[in-house]
Amino acid sequence: MDLRRIFRHYKLGRIVIGYAIYLMDECCYEYNEDECFIFTSVASAEKLAGEIYTAHCPYRIVPIRIKNILKDFGCSCHIYAIEPGAMKIFRKVAQKNKIGYESRLWIKDDDLIVLTVNSL
């Protein structure tokens, strides 16, 4: 990896790709089977959190940037369950930084995408 490529990562590192739910008492992120969830918006993350957690389960909604994805936040082996809006932002950043990835629908009738980022 050359220095110009490293600088591009950090230049675009301020762009929020999406949001994740961090479970404070379990010290982990919310998963969809084996993939860390990346939501399009805070509202989308809050909606899921409101459906599956009680008031006694503390969590935070945290912004996810490209540097988090490249560092494999959540330790899901660079595989993420990502909503379409977040995928659109990721795709733009990945193209500008020549980050390799593969994507596919999680389930045929669902719009959730399974994103596999090639490790650098």
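All figures in this text were calculated on a predicted structure; none of them were measured in a lab.

Considering the side chain of Glu83
Structurally, Glu83 is set in the loop between strand E6 (79–82) and helix H4 (84–97). Among the polar contacts listed, one links the side chain of Glu83 to the side chain of Ser44, at a separation of 2.8 Å. Setting aside its immediate chain neighbours within four residues, Glu83 contacts Ile38, Phe39, Thr40, Ser41, Ser44 and Leu112.

Considering helix H2 (residues 42–52)
Within H2, burial applies to Ser44, Ala45 and Ala49. Buried positions in H2, seen along its axis, are confined to an arc of 130° and lie on one side of it. Facing away from the buried side of H2 by over 90 degrees, the exposed positions are Ala43, Lys47, Gly50 and Glu51. Buried residues belonging to H2 abut strand E1 (16–23) and strand E5 (59–65).

Some words on the environment of His78
You can see His78 is positioned in the loop between helix H3 (66–70) and E6. A relative accessible area of 15% means that His78 is categorised as buried. With 39 residues separating them in the primary sequence, His78 and Val117 have C-alpha atoms 5.3 Å apart.

With respect to the sheet that holds E1
One open sheet accounts for 3 strands, arranged E2-E1-E5; its pairing is antiparallel. The open sheet has two edge strands with one neighbour each: strand E2 (28–29) and E5. The sheet strands contacting H2 are E1 and E5, and the helix crosses E5 at an angle near 145°.

So, the sheet that holds strand E4 (residues 35–38)
Whenever strands of a sheet pair, they do so through backbone hydrogen bonds, lying parallel or antiparallel. Spatially, E3-E4-E6-E8-E7 is the arrangement adopted by the 5 strands of the open sheet, whose pairing is mixed. Of all the strands in the sheet, the pair left with one neighbour each is strand E3 (31–32) and strand E7 (101–105). Here 5 bridges tie E7 to strand E8 (residues 113–117), and the two strands are oriented antiparallel to one another. Directly across from Tyr101, in E8, lies its bridge partner Val117.

Notes on the pairing of E4
Regular strands show a simple pattern: their side chains alternate between the two faces of the sheet. With 2 bridges connecting them, E3 and E4 associate as antiparallel partners. Bridging across to E4, Tyr31 finds its partner in Cys36. Taking the residues that link successive antiparallel strands as the turn, the E3-E4 hairpin has 2 residues, and the phi of Glu33 there is positive, at about 55°. In this structure, E4 lies alongside E6, joined through 3 bridges in parallel fashion. Residue Cys36 lies in a different strand from E6, and its bridge partner there is Tyr80.

Here's the deal with the pairing of E6
Bridge count between E6 and E8: 4 bridges; the pairing is antiparallel. The residue of E8 that forms the bridge with Ile79 is Thr116.

Conventions adopted
- Every chain is numbered independently, its residues counted from 1 as its sequence is written.
- Reporting in this predicted model follows two pLDDT cut-offs: at least 70 for local features of residues, and 80 or more for side-chain atom pairs to be given and counted; totals over whole chains, interfaces and linings ignore these cut-offs and use all residues.
- Side-chain metrics in this entry use all non-hydrogen atoms of the structure; hydrogen atoms and water are not considered.
- The secondary structure listing takes helices from DSSP runs of H or I that are at least 4 residues long and strands from runs of E that are at least 2 residues long, numbered from the N terminus.
- Each polar contact in these results corresponds to two N or O atoms within 3.5 Å; when the atoms are within protein, one needs to be able to donate a hydrogen and the other to accept it, and residues that are neighboring in sequence are counted only if both atoms are side-chain atoms.
- Here, two residues are considered to be in contact whenever any of their heavy atoms come within 4.5 Å of each other.
- Each residue is assigned to one of three classes by its accessible area relative to the maximum for its type, calculated with a 1.4 Å probe on protein chains only: buried under 20%, partly exposed between the two thresholds, exposed over 50%.
- By definition, the arc is the one covered by directions from the helix axis to the C-beta atoms.
- Strands qualify as paired when DSSP identifies two bridges or more between them.
- To define axes, lines are fitted to C-alpha atoms, for helices over the stretch in contact only, and angles between the resulting N-to-C directions are given on a 0 to 180 degree scale.

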